[in-house]
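# Reading the structure
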Amino acid sequence: QVQLVESGGGLVQAGGSLRLSCAASGRSFSNYAMGWFRQAPGKEREFVAAIGWRGSTTSYADSVKGRFTISRDNAKNTVYLQMNSLKPEDTAVYYCARRRGGWGISRTTYDYEYWGQGTQVTVSS
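Overview of the structure. (Residues numbered from 1 in each chain as written. Predicted model: local features only at pLDDT ≥ 70, side-chain atom pairs only at ≥ 80, totals over all residues. Heavy atoms only, no water.)

### Looking at the state of the cysteines
Under the defined criterion, the tally for this structure stands at one disulfide. At a sulfur-sulfur separation of 1.9 Å, the disulfide partner of Cys-22 is Cys-96. Since a negative S-S torsion denotes a left-handed disulfide, the Cys-22-Cys-96 link at about 45° is right-handed. Remark: Cys-96 occurs in strand 9 (residues 92-99) and Cys-22 occurs in strand 3 (residues 18-24); sequence separation between them is 74 residues. Across this residue pair, the class does not change: Cys-22 and Cys-96 are buried. (Disulfide = S-S within 2.5 Å. Helix = DSSP H or I, 4+ residues; strand = E, 2+ residues; numbered from the N terminus. Buried < 20%, exposed > 50% of the residue type's maximum accessible area, 1.4 Å probe, protein only.)

Below, the structure is given as structure tokens:
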């Protein structure tokens, strides 16, 4: 049974920073690519960032590139999302997810099998 638990969300002013964490239970965390997605009210869930199983490959949405950094610590079964220079349009519920199978990183929600419950990030102007 795989469980993903996000933490670190909150309310921050524009220009501020937050660090999200996603702790994974279950075996073989280091065998899977991981991703972060977000969903704002009334909008579809969208890709934010992804990282390969070794941490050497990453991908970012254009909207966050240069501001957000995804990383992982396989010894701690945890993936992180460092968010800097936050903007009001970054406001959303942020979800971490584990990639389906042993494939590489993906930007598509369908390619992710397990999801966390989400953590709210609110950026005030």
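### Observations concerning the nonpolar core
Nonpolar side chains in soluble globular proteins tend to end up buried together. Counting 33 residues, the largest nonpolar core has Trp-36, Leu-81, Met-83 and Tyr-94 as the members making the most contacts within it. Of all the elements in the fold, those that place two or more residues in this core are strand 3, strand 4 (34-39), strand 5 (46-51), strand 7 (68-73), strand 8 (78-83), strand 9 and strand 11 (119-124). Not counting chain neighbours up to four residues away, the residues in contact with Met-83 comprise Gly-16, Ser-17, Leu-18, Leu-20, Arg-67, Phe-68, Tyr-94 and Val-121. (Core = buried A, V, L, I, M, F, W, Y, C linked by side-chain atoms within 4.5 Å. Contact = heavy atoms within 4.5 Å.)

### Considerations on the sheet that holds strand 3
Taken together, four strands build an open sheet; the order of strands is 1-3-8-7 and the sheet is antiparallel. Whereas interior strands pair on both sides, the edge strands pair on one side only; in this sheet they are strand 1 (4-7) and strand 7. Sheet twist, expressed as the mean angle between neighbouring strand axes with direction ignored, is 15°. Pairing of strand 1 with strand 3 involves four bridges; the strand directions are antiparallel. By the bridge assignment, Ser-7 is partnered in strand 3 with Ser-21. (Pairing = 2+ DSSP bridges. Axes fitted to C-alpha atoms, helices over the stretch in contact; angles between N-to-C directions.)

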